[in-house]
Amino acid sequence: MKYILAVILIGFLSMPVLAESGRWGLGINYGLVNNMKAWSGASSEAGSMVRIDYSFDFNDFYTAAVEIGFFADENVFKTANVPTLTQTAAVLNIDHIFHLRRVGTLAPYLKVGTGLYGLNLWRKANNSFTHNSTDITADVSAGAGVEFWLWSALGNVDLSLPALIHESFMGTKVAYVLSFGWKKYF
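Residues numbered from 1 in each chain as written. Predicted model: local features only at pLDDT ≥ 70, side-chain atom pairs only at ≥ 80, totals over all residues. Heavy atoms only, no water.

Colleague: Would you take a moment to explain the overall build of the protein for this structure?
Modeller: Each helix and strand in the protein was counted, giving two helices and eight strands. Within the protein, the fraction of its 186 residues that count as buried is 44%. For the protein, the share of sequence-separated contacts (at least 6 apart) that also reach a separation of at least 24 residues comes to 59%. (Helix = DSSP H or I, 4+ residues; strand = E, 2+ residues; numbered from the N terminus. Buried < 20%, exposed > 50% of the residue type's maximum accessible area, 1.4 Å probe, protein only. Contact = heavy atoms within 4.5 Å.)

See the structure below:
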C-alpha cells in the first residue's frame, strides 16, 4: 500500500508539470549524516549519503523534486576485525521547495517532503555482510538550504531532517544530513 501511494503521488505531481512552462533540473548531492542510529546495537551513527534528484521549477517561488538517496554508515567501508553492526538505507522522497527572497547572489529556501525510508541493519564480520533487520516507513522530512551559481551549474548547501515522525515515535535522536551538490537545468 505504501508503494502504491508513492507511485500515485509521483504521478499526481507529474501531470500538472507537463502543462506548465518552467524548467527541468537534474542534481546530485553528497552528504554527511549524523545521529542516524535506527537500532541501538548499531556501531555508528555517522555516515555518508548520495542523493540524486529530478526537479521542476514551476516558478521563482516553488520547485518540486523527486529524490533517490542511498546511505551507508562509516563502518560499511572500514575493515572490521570483530563482528560489527552496520546500517544502510535507501530513500525515495518528494520534496516541496519554497524559495525565499534572494540575498545578493544567494537564494535561500525551505523544504518539506514526504518519503519512503528503507533502513537495513547488517552484521559485518571478516568483510562479509549478513542481513539482520529491515525497517520500512513512510514519513515526512524538513530542511533548509541555500543555492548559488557555481560555474555553469547551480550549487547548493542543504541541511535536511529525514523521517521526523518515525524518530519521535521510536524515541531516537533526530538524524540530520548536511549535503553539498550541483544541479543542471535543461
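Right, picking up where we left off after that structure.
Colleague: Sorry, what's going on with the sheet that holds strand β5 (residues 107-125) here?
Modeller: Strand pairing in a sheet relies on backbone hydrogen bonds. The paired strands run either parallel or antiparallel. Pairing is antiparallel in the closed barrel, where eight strands are placed in the order β1-β2-β3-β4-β5-β6-β7-β8. Across the sheet, the mean angle separating the axes of adjacent strands is 25 degrees when strand polarity is ignored. Looking at chain direction, strand β7 (residues 153-161) and strand β8 (residues 176-185) are connected through seven bridges and run antiparallel. The partner of L159 across the bridge, within β8, is L178. (Pairing = 2+ DSSP bridges. Axes fitted to C-alpha atoms, helices over the stretch in contact; angles between N-to-C directions.)

Colleague: What is the right way to look at the environment of L32 in this model?
Modeller: With respect to the helices, strands and loops of the structure, L32 is situated in strand β1 (residues 23-34). Sequence-distant contacts of L32, defined by excluding residues within four places in its chain, comprise G47, S48, Y176, V177 and L178.

Colleague: I'm lost on a nonpolar patch on the surface in this one. Help?
Modeller: Residues L26, I28, Y30, L32, V50, I52, Y54 and F186 make up a contiguous nonpolar surface patch of roughly 790 Å² in combined accessible area. Elements supplying a minimum of two residues to the nonpolar patch: β1 and β2 (47-57). The element that contributes the greatest number of residues to the nonpolar patch is β1, accounting for four residues. (Patch = residues over 30% accessible without salt bridge, like charges linked within 9 Å, V, L, I, M, F, W, Y side chains within 5 Å. Areas by Shrake-Rupley, 256 points an atom, 1.4 Å probe, with all protein chains shown as cover. Salt bridge = Lys/Arg side-chain N within 4 Å of Asp/Glu carboxyl O.)

Colleague: Just checking my understanding: could you explain the pairing of β7 for this structure?
Modeller: The two faces of the sheet receive side chains in turn, since in a regular strand these alternate between them. Here strand β6 (residues 128-150) pairs with β7 via nine bridges, running antiparallel. Pairing of E147 across the sheet is with N156, part of β7.

Colleague: Hey, could you run me through the pattern of salt bridges in this one?
Modeller: Pairs can form between side chains of opposite charge whenever their charged atoms are close. Considering all chains together, one arrives at five salt bridges under this definition. In this structure, R23 engages D57 in a salt bridge whose closest nitrogen and oxygen atoms are separated by 3.1 Å. Of the two residues, R23 is situated in strand β1 and D57 in strand β2; the sequence distance between them amounts to 34 residues. Note that R51 and D158 form a salt bridge whose closest N and O atoms lie 3.8 Å from each other. Placement of the pair is R51 in strand β2 and D158 in strand β7, with a sequence separation of 107 residues. On the basis of relative accessible area, R51 is assigned to the buried category, the value being 6%.

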